[in-house]
Amino acid sequence: MKHLLITGFDPFGGDTVNPSWEAVSRLPDTVGDYRLTKIQIPTVFAVAADTVLTAAAQDSPDVILCVGQAGGRDAVTPERIAINMASAKKPDNAGNQPVEMPILPGAPDGMFSTVPVCAMAEAITAAGLPGKISNTAGTFVCNDTLFRLLRHYAGTPVRVGFVHVPWLPEQATEGAPSMPLDDIIAALTAAIEVLR
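Because the structure is predicted, anything quoted here is derived from the model rather than measured.

1. Comments concerning helix H5 (residues 181–193)
Move 1: The end-to-end C-alpha separation of H5 is 18 Å, in line with the 18 Å expected for 13 residues at 1.5 Å each.
Move 2: Considered for burial, the residues of H5 that qualify are Ile 184, Ile 185, Ala 187, Leu 188, Thr 189, Ala 190, Ala 191 and Ile 192.

Shown next as structure tokens:
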């Protein structure tokens, strides 16, 4: 059986819950061809990626899939690309607030996910849930984490991806899109099932 390291973030920005971790923590221990290791990572620039790398060094995963919150989105969205740019409208959980700074000076401007984002989005939709590819992981900690992991594992067999999920209903202000937790879990399960 293959090994998937899957992560969710802790709450940030004044929220008391983060749907990424709420969903990841409730996934079954095996999905499709994969045994899952689930960890929560801090919403802190660089530290999040370092936390993933420490866990990966112990567990030797075949695939690393990070999951993050994207408030305002109305679908579960596998990310196609990470950019070499950190720029935060608000501080992370350690008070860091970079503005238009390269994540890794001298690294490429962007790096593509190495998981099958098209198949993942299609699997989510086929499960009757809203899913689509995203072409921007933003410039906050989610993008920072994806970029650092893609750079670290470039040229290796380890595949790396990122999936953003919407707010939970209790987080969304009136009229803002959200998704029930059970639907987020089902969408992530469908996406994992098409990993090969």
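2. Quick notes on the packing of helix H2 (residues 47–59) against helix H4 (residues 141–153)
Move 1: At their nearest, the axes of H2 and H4 sit 8 Å apart, and the two run at 40° to each other. Considering their axes alone, H2 and H4 lie oblique with respect to each other. With respect to the hand of their crossing, H2 and H4 are arranged in right-handed fashion. Counted together, Ala 48, Ala 49, Val 52, Leu 53 and Ala 56 of H2 and Val 141, Thr 145, Arg 148, Leu 149, His 152 and Tyr 153 of H4 form the full contact between these two elements.

3. Quick word on the layout of surface pockets
Rolling a probe over the atoms, with the probe sized like a water molecule, indicates the empty space that remains.
Move 1: Its boundaries defined by the atoms lining it, the largest pocket holds a volume of some 550 Å³.
Move 2: Class assignment of the residues belonging to the lining of the largest pocket gives a composition of nine nonpolar, ten polar and four charged.

4. Describing the sheet that holds strand E2 (residues 30–31)
Move 1: Taken together, the six strands give an open sheet; going across it, the order is E2-E3-E1-E4-E8-E5, and neighbouring strands pair in mixed fashion. Strands at the two margins of the open sheet, each flanked by one partner only, are E2 and strand E5 (77–78).
Move 2: Together, strand E1 (2–9), strand E3 (34–41) and strand E4 (63–69) form the strand contacts of H2, whose direction differs from that of E3 by roughly 145°.
Move 3: Contacts from H4 reach E1, E3, E4 and strand E8 (159–165), with the element oriented near 170° to E8.

5. Describing the nonpolar core
Move 1: Of all hydrophobic cores here, the largest spans 31 residues; its most connected members are Leu 5, Phe 9, Val 52, Ile 64, Leu 149, Tyr 153 and Val 160.
Move 2: At the level of secondary structure, the elements contributing two or more residues to this core comprise E1, E3, H2, E4, H4 and E8.
Move 3: At seven residues, H4 tops the list of elements feeding residues into this core.
Move 4: The contacts of Val 52, once residues within four sequence positions are left out, are Leu 5, Thr 7, Ile 39, Ile 41, Ile 64, Cys 66 and Leu 149.
Move 5: Core analysis: the second largest hydrophobic core is formed by 30 residues, Val 67, Val 117, Leu 129 and Ala 187 among them.

6. Looking at the pattern of salt bridges
Move 1: The full count for this structure, using the stated rule, is six salt bridges.
Move 2: In this structure, Arg 73 and Glu 79 form a salt bridge, with 2.8 Å as the shortest nitrogen-oxygen distance.
Move 3: Across the salt bridge formed by Asp 74 and Lys 132, the nearest N and O atoms sit 3.4 Å from each other. Of the two residues, Asp 74 is situated in the loop between E4 and E5 and Lys 132 in the loop between helix H3 (117–126) and H4; the sequence distance between them amounts to 58 residues.

7. With respect to the environment of Thr 139
Move 1: Counting through the fold element by element, Thr 139 comes out in the loop between H3 and H4.
Move 2: Overall, Thr 139 belongs to the partly exposed group, its relative accessible area being 26%.
Move 3: Sequence spacing of Thr 139 and Ala 49 is 90 residues, and the spatial spacing of their C-alpha atoms is 14 Å.
Move 4: With residues near it in sequence (within four places) discarded, Thr 139 still touches Phe 45, Ile 83, Met 85, Ala 86 and Ser 87.
Move 5: Here the side chain of Thr 139 touches Ser 87 through a polar contact of 2.6 Å, landing on its backbone oxygen.

8. Description of the packing of aromatic side chains
Move 1: If you walk through the whole model with that rule in mind, you get three aromatic pairs.
Move 2: Pairing Phe 12 with Phe 140 gives two aromatic rings, centres 5.7 Å apart and planes at 40°, and the pair type is tilted. Taken together, the residues span a long stretch of sequence, with Phe 12 in the loop between E1 and helix H1 (19–25) and Phe 140 in the loop between H3 and H4 at a distance of 128 residues. Phe 140 matches Phe 12 in its accessibility class, with the two residues each being buried.
Move 3: One aromatic cluster is present, built from ring pairs that chain together Phe 12, Phe 45 and Phe 140.

Definitions and limits used
- Residues numbered from 1 in each chain as written.
- Predicted model: local features only at pLDDT ≥ 70, side-chain atom pairs only at ≥ 80, totals over all residues.
- Heavy atoms only, no water.
- Helix = DSSP H or I, 4+ residues; strand = E, 2+ residues; numbered from the N terminus.
- Expected span 1.5 Å × (residues − 1).
- Buried < 20%, exposed > 50% of the residue type's maximum accessible area, 1.4 Å probe, protein only.
- Axes fitted to C-alpha atoms, helices over the stretch in contact; angles between N-to-C directions.
- Parallel < 35°, antiparallel > 145°, perpendicular 65-115°, else oblique.
- Left-handed = near helix turned anticlockwise from the far one by under 90°.
- Contact = heavy atoms within 4.5 Å.
- 1 Å grid on protein atoms, 1.4 Å probe; cavity = no way out; pocket = protein on both sides within 12 Å on 5 of 7 lines; lining within 4 Å.
- Points joined across faces, edges and corners; volume = space filled by probe spheres on them.
- Nonpolar A, V, L, I, M, F, W, Y, C, P; charged D, E, K, R; others polar.
- Pairing = 2+ DSSP bridges.
- Core = buried A, V, L, I, M, F, W, Y, C linked by side-chain atoms within 4.5 Å.
- Salt bridge = Lys/Arg side-chain N within 4 Å of Asp/Glu carboxyl O.
- Polar contact = N/O pair within 3.5 Å; in protein donor to acceptor, adjacent residues only side chain to side chain.
- Phe/Tyr/Trp six-rings, centres within 6.5 Å; stacked < 30°, edge-to-face > 60°.

Limitation: the analysis is restricted to geometry and does not speak to function.
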